[in-house]
Amino acid sequence: MMKYIFSILALTIVVNANAQTDLQRTPKGALYQVFTHSTGNKIMLNDVVTFQFIQKTDKDSVLFSTYAAGHPVQVQIVATKNVGDLMEIFPLLTVKDSALVKVPTDSIFVGHEDQRPGFFPKGSNLIFILKIEKVQSLNDAIAERNAAIAEKKAADEKLKADEAKNAAKYIADHKLILKTTATGLKYVITKPSAKLKPLKGDTLLVNYAGRTLDDKVFDSSIEAIAKGAGLQQPGRTYEPLEVIVGAERVIPGWDEGLLLLNEGAKATFFIPSSLAYGEQGQGDIKPYSTLIFDIELVKVKPIKHPVVKKPAAKKPLPKKKTTAAATKN
């Protein structure tokens, strides 16, 4: 956030310092102003440019900022026929240059005035403040991207291997005896029940506590467990979670595991990342994290399931009658 504020401040100072400088116009009619004139080769057709930008209205209302988003954007330079298109401006710049571009909104909404928002009245401009961070040839950009993909793939493979190793160690250290499904879900039913078993589409009430492999509780529907773990969940109502099982509204490990239980049963699910939050992670849950859930299926609210009719049994074929002609010698 501080980097974003300082970036905005620096660009604002540059804009104010050049406020008296007239905007220049490209052959196609784009209005622009270059704040810096860095040395180096100008951006060329097919180059790949990485740049930061702030997008705002004439009244300085910021619509979007890559600084606030936390990362620049990357585009390949192509020829353009559109007035005010940034592709017309890039060839005027080089790496580390900053510029202001004014795009008339009247040219943006030609033919679809009904889509013009109120903050872009007729005669107004869409303003871009750009800063060029990197310029690469297309081949260099492709090579860099491929290297980054290979590096990420190698890192992911290591994380997967570490996950499997850490999960196996946890199971061994805690002397757990778990059943494993075809998908890789591991579980143990700690309190069996003979009550109603849910079907896909039923609504379930579930109490739970979720832990990582270091036994750190990251979420719970039970107040005593949440407070004991020091979880800060202001405003949360501690009660069983309502889940429509099989509706893909929870992680796959839950959708699968809950169908293994009966109402009133308790179990521990040992869910690999492939059935949880995968390579992305979620909040404090790191990528490729195996999760442990202590589950209680409090109640099953069944829906009316369609009755599957068994196919009618085929009637036996009548025995072939023996005629006199057939028995005749």
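Residues numbered from 1 in each chain as written. Predicted model: local features only at pLDDT ≥ 70, side-chain atom pairs only at ≥ 80, totals over all residues. Heavy atoms only, no water.

Asker: Looking at this structure, I do not really get the pattern of salt bridges. What am I missing?
Answerer: Side-chain pairs of opposite charge can arise whenever the charged atoms involved come near each other. If you walk through the whole model with that rule in mind, you get 16 salt bridges. The salt bridge partner of Glu279 is Lys152, with a shortest N-O separation of 3.8 Å. Of the two residues, Glu279 sits in the loop between β13 (266-271) and β14 (291-301) while Lys152 sits in helix α4 (residues 138-173), which places them 127 residues apart along the sequence. Taking the relative accessible area as the measure of exposure, Lys152 reaches 43% and is therefore partly exposed. (Salt bridge = Lys/Arg side-chain N within 4 Å of Asp/Glu carboxyl O. Helix = DSSP H or I, 4+ residues; strand = E, 2+ residues; numbered from the N terminus. Buried < 20%, exposed > 50% of the residue type's maximum accessible area, 1.4 Å probe, protein only.)

Asker: Sorry, what's going on with the packing of aromatic side chains here?
Answerer: Two aromatic rings, taken as a pair, are described by how far apart their centres are and by the angle between their planes. Scanning the entire structure with this criterion turns up 10 aromatic pairs. A centroid spacing of 5.3 Å and a plane angle of 80° characterise the contact between Tyr208 and Trp254, whose relative ring orientation is edge-to-face. Highlighted residues: Tyr208 in strand β10 (residues 203-211) and Trp254 in helix α6 (residues 252-258), separated in sequence by 46 residues. Taking the centre distance of 6.5 Å and the plane angle of 55° together, the rings of Tyr208 and Phe293 count as tilted. Taken together, the residues Tyr208 in strand β10 and Phe293 in strand β14 connect sequence positions 85 residues apart. Residue Tyr208 shares its accessibility class with Phe293, and that shared class is buried. (Phe/Tyr/Trp six-rings, centres within 6.5 Å; stacked < 30°, edge-to-face > 60°.)

Asker: How should I be thinking about unusual backbone geometry in this particular structure?
Answerer: A negative phi holds for most residues other than glycine; trans holds for most peptide bonds. Even without glycine at this site, Asn46 takes up a positive phi of about 80°. Looking at the secondary structure, you find Asn46 in the loop between β2 (31-34) and β3 (48-56). Judged by relative accessible area, Asn46 falls into the partly exposed class, the value being 40%.

Asker: Which parts of the structure should I look at to understand the layout of surface pockets?
Answerer: If a probe the size of a water molecule is rolled over the atoms, the empty space left behind becomes visible. Here the largest pocket defines a volume of roughly 730 Å³. If you trace the largest pocket, you find 26 residues lining it, with Thr212, Phe218, Asp284, Ile285 and Ser289 closest to the centre. Counting only elements with at least two residues in the lining of the largest pocket, the list comes to α4 and β11 (217-220). Classifying every residue of the lining of the largest pocket by side-chain character gives 14 nonpolar, 5 polar and 7 charged. In this model, the second largest pocket occupies a volume close to 190 Å³. What lines the second largest pocket is simply Val48, Gln74, Leu138, Ala141, Ile142, Glu144, Arg145, Ala148 and Ile149. Broken down by element, the residue count for the lining of the second largest pocket peaks at 7 residues, all from α4. (1 Å grid on protein atoms, 1.4 Å probe; cavity = no way out; pocket = protein on both sides within 12 Å on 5 of 7 lines; lining within 4 Å. Points joined across faces, edges and corners; volume = space filled by probe spheres on them. Nonpolar A, V, L, I, M, F, W, Y, C, P; charged D, E, K, R; others polar.)

Asker: It is not clear to me how the nonpolar core should be interpreted in this structure. Could you clarify?
Answerer: For soluble globular proteins, nonpolar side chains are generally found buried alongside one another. Counting residues in each nonpolar core, the largest one holds 23 residues, and the members touching the most others are Trp254, Leu258, Phe269, Ile271, Phe293 and Ile295. Listing elements by their share of this core, those giving two or more residues are β10, α6, β13 and β14. If you tally residues by element for this core, the top one is β14, at 5 residues. Here Phe269 is in contact with Leu185, Lys186, Tyr187, Gly253, Gly257, Leu258, Leu261, Leu291, Ile292, Phe293 and Ile295, once residues within four sequence places are set aside. In this structure, Phe53, Leu86, Phe109 and Leu126 belong to the second largest nonpolar core, which totals 22 residues. (Core = buried A, V, L, I, M, F, W, Y, C linked by side-chain atoms within 4.5 Å. Contact = heavy atoms within 4.5 Å.)

Asker: What's the story with the confidence of the model for the protein in this structure? I'm lost.
Answerer: Regions with low pLDDT carry predicted coordinates that are not meant to be interpreted in detail. When pLDDT is averaged along the protein, the result is 87, and 86% of the positions lie at 70 or above. For residues 1-20, every residue scores under 50 in pLDDT, and the model assigns this stretch 14 contacts once sequence neighbours within four places are set aside. Overall, residues 323-329 carries pLDDT values under 50, and its contacts beyond four positions in sequence, including any with other chains, amount to 1 contact. (pLDDT = per-residue confidence, 0-100.)

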